[in-house]
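This is what each chain is made of:
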Amino acid sequence: MSCFGGDPNFCPECGNILPLPGMQNTVRCPRCSFAIPISEFSGQEIHSSVVFNPVKQSSAALGEEEDSEVKGAVIDRRCSRCNKEGMVYHTRQMRSADEGQTVFFTCIHCRYQEKEDS
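Residues numbered from 1 in each chain as written. Predicted model: local features only at pLDDT ≥ 70, side-chain atom pairs only at ≥ 80, totals over all residues. Heavy atoms only, no water.

Draft legend 1. Fine view of unusual backbone geometry. Backbone geometry places S33, a non-glycine residue, at a positive phi of 65°. Its identity is not glycine, yet N83 carries a phi of approximately 65°, on the positive side. Tracing the chain through its elements places N83 in the loop between β3 (74-78) and β4 (85-92). (Helix = DSSP H or I, 4+ residues; strand = E, 2+ residues; numbered from the N terminus.)

Right under this line is the structure:
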């Protein structure tokens, strides 16, 4: 009697996912080496689907009016264009996960944007 049951895509002994059937007469679990005859997989159909989340457009892409308020946390940072104090920032992971985030700054006065890689 096996410990696990139900879905034939999982090993009935250890519960590990089974590899796809190949050219051999058995499907062998890579974890516990339990073997299942390939005949048990005959007639099975595999269906898959991919669901994409809707694309959210940024306010800049939507053509937001210039006189609308810049939202976010205001920090003490001087704008390199208008030389006034006060910028809003947000961060994004633009590179691989083992590298730092990119910080985007927007001036609350002239809406100049600059970025800083950390």
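Draft legend 2. Spatial organisation of the side chain of T102. Within the fold, T102 resides in strand β5 (residues 102-107). Note on T102: relative accessible area 2%, which makes it buried. Here D117 takes part through its side chain, which lies 3.1 Å from a polar atom of the side chain of T102. Setting aside its immediate chain neighbours within four residues, T102 contacts H90, T91, R92, M94, R95, K115, E116 and D117. (Buried < 20%, exposed > 50% of the residue type's maximum accessible area, 1.4 Å probe, protein only. Polar contact = N/O pair within 3.5 Å; in protein donor to acceptor, adjacent residues only side chain to side chain. Contact = heavy atoms within 4.5 Å.)

Draft legend 3. Seen up close, the sheet that holds β4. Within the open sheet, the 4 strands sit side by side as β3-β4-β5-β6. Their pairing is antiparallel. Here the strands that pair on one side only, and so sit at the sheet edges, are β3 and β6 (113-117). If you compare each strand with its neighbour and ignore which way they point, the axes differ by 40° on average. As defined by bridge partners, β4 adjoins β5 across 6 bridges and the pair is classed as antiparallel. If you follow V88 over to β5, its bridge partner there is T106. (Pairing = 2+ DSSP bridges. Axes fitted to C-alpha atoms, helices over the stretch in contact; angles between N-to-C directions.)

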